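Analysis of the macromolecular model
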Amino acid sequence: NYRINTQKHHKIMKKTLFSCILTCLALCACNTPTASNNNIANDIIGEWCIIEAMGISTEAADTKPFIHFTDSGTIDGHTSVNTFFGQYTVNEDSIFFDQVGSTMRMGEDMEIEVAVMEALGMCTTLDVQDSAIYASDIFGNNVMVLKRQ
């Protein structure tokens, strides 16, 4: 009986954490500047594997996380458990995500899921190098590494 209550508590905590992250994403997205057309905006278009998020490797994920940038300023992808969607704008080397949403399924291991959503919410700067993107937060800390599929 104790074990059942502990499992329920962990599920509730995971749902609460995930809801908080989505709320932060929505609030952070309210100040989106106008995009400008530049090389980085063109360089990121396409599908990218999410190799690392918040220092956590995504190699152990059952479903490999990815993000797809379209030329019309929308994103879609997979976080390992859920799918996500939204809009983005690029201005020089800065990126801003807007109206990001996702499905809300629970999985066995939500660590990668939470890390990917947190990284999307913190990402402000892109460094495109060959077939990789290094995404950083406002302090210059690496929050996500992407490799072209």
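Relevant structure appears above.
Residues numbered from 1 in each chain as written. Predicted model: local features only at pLDDT ≥ 70, side-chain atom pairs only at ≥ 80, totals over all residues. Heavy atoms only, no water.

Regarding the packing of aromatic side chains
Taken as a whole and judged by the stated rule, the model has one aromatic pair. An angle of 85 degrees between the planes, with centres 5.1 Å apart, marks the rings of F69 and Y88 as edge-to-face. In this pair, F69 is assigned in strand β3 (residues 66–69) and Y88 in strand β5 (residues 83–91), connecting sequence segments 19 residues apart. Each member of the pair, F69 together with Y88, is buried. (Phe/Tyr/Trp six-rings, centres within 6.5 Å; stacked < 30°, edge-to-face > 60°. Helix = DSSP H or I, 4+ residues; strand = E, 2+ residues; numbered from the N terminus. Buried < 20%, exposed > 50% of the residue type's maximum accessible area, 1.4 Å probe, protein only.)

Some points on the pairing of strand β8 (residues 132–136)
One face of the sheet, then the other: side chains in a regular strand alternate in exactly this way. Judged by how many residues are buried, β8 sits mostly within the fold: four of five residues are covered. Relative to β8, strand β7 (residues 125–129) is paired through five bridges, and the arrangement is antiparallel. Pairing of T125 across the sheet is with S136, part of β8. As defined by bridge partners, β8 adjoins strand β9 (residues 142–148) across five bridges and the pair is classed as antiparallel. When the sheet's bridge partners are listed, A132 is paired in β9 with K147. Hairpin remark: β8 followed by β9, antiparallel, with five residues in the connecting loop; positive phi at G140, about 85 degrees. (Pairing = 2+ DSSP bridges.)

Description of helix α3 (residues 111–122)
An α-helix turns once every 3.6 residues. As a result, residues three or four positions apart point the same way. Helix length check: α3 (12 residues) gives 16 Å between terminal C-alpha atoms against 16 Å at 1.5 Å per residue, within 8%. Regarding α3, the residues found buried are I112, E113, V114, A115, V116, M117, A119 and L120. (Expected span 1.5 Å × (residues − 1).)

Overview of unusual backbone geometry
Unusually for a residue other than glycine, M54 sits at a positive phi of about 55 degrees. Among the secondary structure elements, M54 is positioned in the loop between β1 (46–53) and β2 (56–57). Assessed through its relative accessible area of 27%, M54 is described here as partly exposed. Look at E92: it is not a glycine, yet its phi comes out positive at around 60 degrees.

Things to note about the side chain of T58
With respect to the helices and strands, T58 occurs in the loop between β2 and β3. Not counting the four nearest positions on each side in its chain, T58 is found in contact with I50, I51, E52, K64, P65 and I112. (Contact = heavy atoms within 4.5 Å.)

Points about the pairing of strand β6 (residues 94–102)
By the criterion of burial, β6 is predominantly enclosed, with seven of the nine residues buried. In this structure, β5 lies alongside β6, joined through seven bridges in antiparallel fashion. Looking at the pairing, N91 lines up with S94 of β6. Linking two consecutive strands that pair antiparallel, namely β5 and β6, is a turn of two residues; a positive phi of about 60 degrees is found at E92 within it.

Functional significance is not addressed by these values, which are geometric in nature.
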